[in-house]
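# Working through the structure, step by step
Spelled out from the first residue to the last, the chains are:
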Amino acid sequence: PERGLEELMPRLLPVGDCDLAEDFDPTVPPRTPQEYLKRVQIEAARCPDVVVAQIDPRKLKKKPTVNISISGCQPAPEGYSPTLKWQQQQVANFSAVRQSLNKHRNHWRSQHLDSNVTMPKSEDEEGWKKFCLGERVYSEIDALSDSENLGIDYMKVGFPPLLSIVSRMNQATVTSVLEYLISWFGEKKFTPELGRWLYALLACLEKPLLPEAHSLIRQLARRCSEVRALEESKNEEQISALNLIICLVSRYFDQRDLADEPS
């Protein structure tokens with residue numbers, strides 16, 4: 001029955017087979033998040049199996065008066081709950097990303113930043129929001145307003161979480177920027193720029209978690225579940241991204257009470 005259920009569920013963010021084993025070169029910057037994930041997929045086979053808590057949904061239904069939004073996550077829209085197999089694969093990929101990042105941190109830290117990259121100081125909340133999200137998202141400017149400009153203006157679209165950038169961030173800065181972006185997300189919509197930085201910052205977060213980081217990522221997962229529940233257009237790509245963040249917080253960082261339990 002479980003196998004049949006998985007086949008009925010949509011395959012969100014499918015992970016293809018990695019064919020980069022022979023060409024793998026950790027010194028070459030990946031051009032896209034997908035390419036980076038593929039490059040570190042080689043290490044995924046060495047990741048331990050995921051331990052999953054078994055929860056009987058019938059027991060949860062006996063207490064309908066409990067407000068799960070206080071401590072837990074709101075369930076995914078019907079038909080969009082991620083399978084257990086998908087969640088396990090995302091945890092394995094994420095673990096591989098973290099291993100690769102730690103292994104090559106010194107190399108990436110030693111790389112020169114482009115002249116247009118000026119990292120804000122750790123306490124500069126507004127500076128980091130503009131740096132990560134770009135002036136366009138930060139100021140909520142219509143994306144079509146400057147379509148006449150050729151090339152990429154990172155001040156407008158935000159800097160991607162390049163390895164040469166995140167490798168320079170210590171734990172205090174990682175936690176601070178995570179706090180700034182989660183605070184922003186509390187009142188704003190989810191965007192690709194926000195999503196890629198949240199993933200990168202989670203990848204840089206050291207375990208065991210400090211109390212403030214623990215509180216932050218739980219807040220993040222709950223906010224993702226709220227936005228997901230209110231997703232009227234049922235944008236599969238957006239729901240997949242929200243599913244991914246909830247999955248990493250709950251299953252990689254051991255906040256199992258927040259996990260999506262396959263129905």
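Conventions and cut-offs
- Residues numbered from 1 in each chain as written.
- Predicted model: local features only at pLDDT ≥ 70, side-chain atom pairs only at ≥ 80, totals over all residues.
- Heavy atoms only, no water.
- Phe/Tyr/Trp six-rings, centres within 6.5 Å; stacked < 30°, edge-to-face > 60°.
- Helix = DSSP H or I, 4+ residues; strand = E, 2+ residues; numbered from the N terminus.
- Buried < 20%, exposed > 50% of the residue type's maximum accessible area, 1.4 Å probe, protein only.
- Lys NZ or Arg CZ within 6 Å of the ring centre and 35° of its normal.
- Salt bridge = Lys/Arg side-chain N within 4 Å of Asp/Glu carboxyl O.

Attention now moves to the packing of aromatic side chains. Evaluated as defined, the whole model comprises 10 aromatic pairs. Consider the rings of F94 and Y199, whose centres lie 5.4 Å apart with planes at 80°: the pair is edge-to-face. Taken together, the residues F94 in helix α4 (residues 84-103) and Y199 in helix α10 (residues 192-204) connect sequence positions 105 residues apart. For F94, a relative accessible area of 0% gives the class buried. Taking relative accessible area as the criterion, Y199 reaches 17% and is therefore assigned buried. Ring centres of W128 and W197 lie 6.5 Å apart, and the angle between their planes is 70°; on these two criteria the pair is classed as edge-to-face. Taken as a pair, W128 in helix α6 (residues 125-138) and W197 in helix α10 lie far apart in primary sequence, 69 residues in all. Here the guanidinium or amino end of K188 rests over the ring plane of W184, the centre of that ring lying 5.2 Å away. Note that K207 overlies the ring of Y252, its terminal NZ or CZ placed 4.4 Å from the centroid.

One pass over the full model with this rule turns up eight salt bridges. E226 is the partner of R223 in a salt bridge, and the nearest nitrogen-oxygen pair spans 3.3 Å. One end of the pair, R223, and the other, E226, are both in helix α11 (residues 211-229), three residues apart, so they sit about a helical turn from each other. One salt bridge connects R256 with D254, and the closest N-O pair in it is separated by 3.7 Å. Salt bridges linked by common partners bring E125, E126 and K129 together as one network.

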